[in-house]
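Read off the chains here:
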Amino acid sequence: MIILSIILAASWLAVSFFSQDKKNAEEYANNFFSYPIPPETKMLEHGFDYGVGYGVGYGGGPSGNSGRPIVVAYKKLSSELSEKELYDYYNEQERAFEIYFEGDEEVNKTPDGRTWYEGKTRENLHTKDNTGEPIEFIVQVRSEFATAFGDLARY
């Protein structure tokens, strides 16, 4: 009975340890998903992913990931506000939001199907509102995060 208890406890600890990265990434993504969207804006889809190791860098992350774990979360939105209003809404925050308007984004995928967006924010943002003709855009965040594996995750 004691051996069975030890095996069960060790199994539970192993599962908990190995699922910690996913929990950290989900917590980060859920925090981002709970961030309020602007008025006159609808959520079309959202998603997140995370990766540890080389080749999963989601564009190198915020500081070039050097094999560190990266979490990326995005929202695809539709809004009747102007590009300038949307940009200002997200830029007034303390977070480093990436904003890509329709046509400015590029969908990237790793060989194993992990997805993230790249692109450039327009320099000359439109100030005309889009009442009746909503525009689509992506808001994304990327961040390195602490992994349960520590420095071993780099190799």
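Residues numbered from 1 in each chain as written. Predicted model: local features only at pLDDT ≥ 70, side-chain atom pairs only at ≥ 80, totals over all residues. Heavy atoms only, no water.

Participant: I'd love a proper account of the packing of aromatic side chains, names of residues and values included.
Facilitator: Here the structure, examined in full by the defined rule, presents 10 aromatic pairs. For the pair Phe32 and Phe33, a centre-to-centre distance of 5.9 Å together with 50° between the ring planes defines the contact as tilted. Under the relative-accessibility criterion, Phe32 is labelled buried at 1%. Between Tyr35 and Tyr90, the ring centres sit 6.2 Å apart and the planes meet at 40°, which makes this aromatic pair tilted. (Phe/Tyr/Trp six-rings, centres within 6.5 Å; stacked < 30°, edge-to-face > 60°. Buried < 20%, exposed > 50% of the residue type's maximum accessible area, 1.4 Å probe, protein only.)

Participant: If you had to explain helix H2 (residues 20-33) to someone new, which residues and values would you point to?
Facilitator: Residues that lie three or four places apart on an α-helix share one face, since the helix turns once every 3.6 residues. Here H2 contains 14 residues, and its C-alpha end-to-end distance of 20 Å stays within 8% of the 20 Å for a straight helix at 1.5 Å per residue. Among the residues of H2, those classed as buried are Asp21, Ala25, Ala29, Phe32 and Phe33. Looking down the long axis of H2, one finds its buried residues gathered within 100° of arc, a one-sided arrangement. Contact partners of the buried residues in H2: strand E1 (41-51), strand E2 (70-79) and strand E6 (135-144). (Helix = DSSP H or I, 4+ residues; strand = E, 2+ residues; numbered from the N terminus. Expected span 1.5 Å × (residues − 1). Arc of directions from axis to C-beta. Contact = heavy atoms within 4.5 Å.)

Participant: Provide a residue-level description of the environment of Asn91, including the pertinent values.
Facilitator: Within the fold, Asn91 resides in helix H3 (residues 83-91). Classification of Asn91 by relative accessible area gives partly exposed; the value is 39%. At a separation of 2.5 Å, a polar atom in the side chain of Asn91 contacts the side chain of Tyr87. (Polar contact = N/O pair within 3.5 Å; in protein donor to acceptor, adjacent residues only side chain to side chain.)

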